[in-house]
Amino acid sequence: MSEEFHPIPGFPVPQVARAHESLVRRGETLSVTALRVLAREVILRVSRSEAPVALHNDHPGSAAIELLCDALLSRDDTAAADLVQSARLDGMSADTIYHVYLAEAARRLGQRWDRDEATAAEVILGAGRIYAILRDLRTVFLAQRLVAPPGAEAIFASVPGEVHGIGATIAADTMRRRGWDISLRLGLGHDALVEEIARLQPTMLGLSASLPSMTFATARLIVALRIRCPHIWILVAGQIVAHDPDIARIVDADAAAATLDEAEATLTGHLAELTRLSVRQM
C-alpha cells in the first residue's frame, strides 16, 4: 500500500480537518498512520453494523453497492453523497442506507484495501466520505427515533480486556435511536468497571465480549457485580454468544443475545416483567 498521502486537503471529517490545520500551523502534518487508523475505524464501525430484522424491502443490489464503492474512491467529492441522496429520494430508509448500503460498501472498501486494489490515500478519503454521509444522516435518524416504554434505560459496557468496542458502540447508538436511554462504558479495567456500575446502580446491564477467551473475564466480572449489585439484571452479547450459545449459564448471566434485535427483545421483555411486578406491588 502506498504511504504517499498528503493530508488533507478538504478531508470531509470536520474534527480531523481542524486537527490537521492546527498541526500545519505548527509546521507539522497528520501522519498517514494516524489517518489510516481513523479510516480503519470508520470502515470497521460501519461494515460491522448489525441490520435490524424489520428493514424495509428496499435493499440495494450488488451492482448499486459496487457503484457506491467506486464513488467513495473517485475524485468527485460529491459522487457518493449524491448516490445516497438519490437513494433516499427513491424511498430507501435511513436504516437500510446505514446497515446495508453504506455497510456493504464499507466492507468492500476494506476488502479492496486488504487486496491492495486501492491505495491508503484513496481508502482514507473514502472512509472520510462515509463518515460525512453518516453525519448528514444524523438528523434523519433522530427524526425516525422510535418511542420506547418508560424506564427503557440500561448501561452497555465492554468486558475488561475487550479491545473491540465497535459492537457495543453501534448497539448503544442504535438503541438510543429506538428511544432507549443507554449509557456506554468502554475500556475500563475490572475494578474500575465494577466500581462504576456500583456507582450508577443500573437496573439492566449489557456486557459486550467478542472471543471465547473473554469467558473467564466475563464470569469474574459478573461474580463481582452479583456481590456488589445483586439487583442488576445482566445480558451478555456480542460474538462470544455465537461462539458458545450456552455462555449465559457458564458466566451466570441472566440472558444472552447474539444479535442486536435479540438483545432489544430480551431487554424489552425484562422491562415488561419489571413493570408487571411493580404494578402488583402497588
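What you see is a predicted model, and the numbers here were worked out from it, not measured in a lab.

A. Structural view of unusual backbone geometry. Of note in this structure, Gln 201 is not a glycine but carries a positive phi near 50 degrees. In this structure, Gln 201 sits in the loop between helix 8 (190-200) and strand 3 (204-208). Even without a glycine there, the phi angle at Asp 252 is positive, about 65 degrees. Looking at where Asp 252 falls in the secondary structure, it is placed in the loop between helix 11 (247-251) and strand 5 (255-257). Judged by its relative accessible area of 45%, Asp 252 is partly exposed.

B. Main features of the side chain of Arg 108. For Arg 108, the location among the structural elements is in helix 5 (residues 94-114). We classify Arg 108 as buried; its relative accessible area is 14%. With residues near it in sequence (within four places) discarded, Arg 108 still touches Ser 62, Ile 65, Glu 66 and Cys 69.

C. Representation of the pattern of salt bridges. The full count for this structure, using the stated rule, is 15 salt bridges. A salt bridge links Arg 178 to Asp 261; the nearest nitrogen and oxygen atoms lie 3.5 Å apart. Taken together, the positions of Arg 178 in the loop between helix 7 (166-177) and strand 2 (181-185) and Asp 261 in helix 12 (residues 260-281) put the pair 83 residues apart, joining distant regions of the chain. Here Arg 185 makes a salt bridge to Glu 196, at a shortest N to O gap of 2.7 Å. Of this pair, Arg 185 sits in strand 2 while Glu 196 sits in helix 8, and the two are eleven residues apart along the sequence. Taking the relative accessible area as the measure of exposure, Arg 185 reaches 23% and is therefore partly exposed. For Glu 196, a relative accessible area of 17% translates into the label buried. Bridged by salt links that share partners, the residues Glu 66, Asp 70, Glu 104, Arg 107, Arg 108 and Arg 112 form one connected network.

Quick notes on the rules
Residues numbered from 1 in each chain as written. Predicted model: local features only at pLDDT ≥ 70, side-chain atom pairs only at ≥ 80, totals over all residues. Heavy atoms only, no water. Helix = DSSP H or I, 4+ residues; strand = E, 2+ residues; numbered from the N terminus. Buried < 20%, exposed > 50% of the residue type's maximum accessible area, 1.4 Å probe, protein only. Contact = heavy atoms within 4.5 Å. Salt bridge = Lys/Arg side-chain N within 4 Å of Asp/Glu carboxyl O.

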